[in-house]
Amino acid sequence: MITLAGPVETFDRLRYYFDMLITVKVIPGSRIEKIERLEGGLNFKIWLRAKAIEGEANEALIKILSKHFKVAKSNIIIKSGQKSRVKLIEIKEISIRIR
């Protein structure tokens, strides 16, 4: 489910910007880094090389999500689950191109 934070803002005729909430299960300390979208909406499983020590895994999570969704790292917020493997993430200003 995509959650809109207020009305959809349009900056030009072909691009729309919105905020989105996703649920993420993090696997820290993996040999690989990858993102897998799970069935049933906006649920993801993410493997990270960083270990869950002193917030390293959370920093790596924000970095990989910013690359995946093509947004600035400052637009990604961990809403809940700072010290848990299951997290609720808010991603701000995702753009969709409408043709």
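Data block above holds the structure.
Peer 1: Help me out: how do you make sense of the pairing of strand β6 (residues 86-97) in this one?
Peer 2: Consecutive side chains of a regular strand alternate in pointing toward one face of the sheet and then the other. The pairing of strand β2 (residues 15-27) with β6 spans ten bridges and is antiparallel. Following the sheet pairing, F18 is matched in β6 by I94. The pairing of strand β5 (residues 76-80) with β6 spans four bridges and is classified as antiparallel. Within the sheet, the bridge partner assigned to I78 lies in β6 and is I89. Between the antiparallel neighbours β5 and β6 lie five residues, among them G81 with a positive phi of about 90 degrees.

Peer 1: Help me out: how do you make sense of the layout of surface pockets in this one?
Peer 2: Of the voids in this model, the largest pocket is the one considered here, and its volume is about 160 Å³. What lines the largest pocket is a set of 14 residues, and nearest its centre among them are A52, A57, N58, Q82 and K87. Here the lining of the largest pocket takes three residues from helix α1 (residues 56-69), the largest share from any one element. Its residues assigned to classes, the lining of the largest pocket comprises five nonpolar, four polar and five charged.

Peer 1: Help me out: how do you make sense of the nonpolar core in this one?
Peer 2: Among soluble globular proteins, nonpolar side chains are generally buried collectively. I22, L61, F69, I89 and I91 are the most contacted members of the largest nonpolar core, which has 23 residues in total. Listed by contribution, the elements that provide at least two residues to this core are β2, β4 (43-47), α1, β5 and β6. Ranked by residue count, the leading element in this core is α1, at seven residues. Look past the residues within four positions of F69 in its chain and what remains in contact with it is M20, I22, F44, I91 and I94.

Peer 1: Explain the environment of I77 here, please?
Peer 2: Mapped onto the elements of the fold, I77 is located in strand β5. Accessibility expressed as a relative area gives 31% for I77, which makes it partly exposed. As a C-alpha pair, I77 and I89 span twelve residues in sequence and 5.7 Å in three-dimensional space. Excluding residues that lie within four positions of it along the chain, I77 makes contacts with L88, I89, E90 and K92.

Peer 1: Please clarify how the pattern of salt bridges should be interpreted in this entry.
Peer 2: Side chains that differ in charge, positive against negative, can pair when their charged atoms come close. Across all of its chains, the model carries one salt bridge by this definition. E90 is the salt-bridge partner of K79, the closest N and O atoms lying 3.4 Å from each other. Linking K79 in strand β5 with E90 in strand β6, this pair joins segments that are eleven residues apart in sequence.

Peer 1: I tried to follow the side chain of K87 on my own but got confused; where do I start?
Peer 2: Tracing the backbone shows K87 in strand β6. Within the buried set, K87 has no salt-bridge partner at all; the shortest N-O distance to an opposite charge, 12 Å, is to E59. A polar contact of 2.9 Å, which involves the side chain of K87, links it to the side chain of N58. A distance of 2.6 Å separates a polar atom in the side chain of K87 from the backbone oxygen of G81.

Reading the values: the criteria
The residue numbers shown here count from 1 along each chain, following its written sequence. Local features in this predicted model are restricted to residues whose pLDDT is 70 or higher, and side-chain atom pairs enter the listing and the counts only when it is 80 or higher, whereas totals over whole chains, interfaces and linings include all residues. Working from all heavy atoms in the structure, the side-chain values ignore hydrogens and water. Two strands qualify as a pair provided that DSSP identifies no fewer than 2 bridges between them. For the purposes of this entry, the term helix denotes a DSSP run of H or I that reaches at least four residues, the term strand denotes a run of E that reaches at least two, and both are numbered from the N terminus. Computed over the protein atoms alone on a 1 Å grid, cavities are sets of points where a 1.4 Å probe fits but cannot get out and pockets are open sets with protein on both sides within 12 Å along at least five of seven lines; a residue lines them when it has an atom within 4 Å of a point. Grid points are joined across faces, edges and corners, and a volume is the space filled by probe spheres set on the points. Side-chain classes are defined by residue name, with Ala, Val, Leu, Ile, Met, Phe, Trp, Tyr, Cys and Pro counting as nonpolar, Asp, Glu, Lys and Arg as charged, and the others, Gly among them, as polar. Nonpolar cores are built from buried Ala, Val, Leu, Ile, Met, Phe, Trp, Tyr and Cys residues. Side-chain atoms within 4.5 Å join them into one set. Burial status follows relative accessibility: with a 1.4 Å probe on protein chains alone, a residue under 20% of its type maximum counts as buried, one over 50% as exposed, and anything between as partly exposed. The contact rule is simple, with two residues in contact once any of their heavy atoms fall within 4.5 Å. Put simply, a salt bridge is a Lys or Arg side-chain nitrogen that is within 4 Å of an Asp or Glu carboxyl oxygen. In this tally, Asp and Glu contribute negative charge and Lys and Arg positive charge; neither His nor the terminal groups of the chain are included. The term polar contact refers here to a pair of N or O atoms within 3.5 Å; inside protein, the definition further demands a hydrogen-donor-capable atom paired with an acceptor-capable atom, and it admits residues adjacent in sequence only when both atoms are side-chain atoms.

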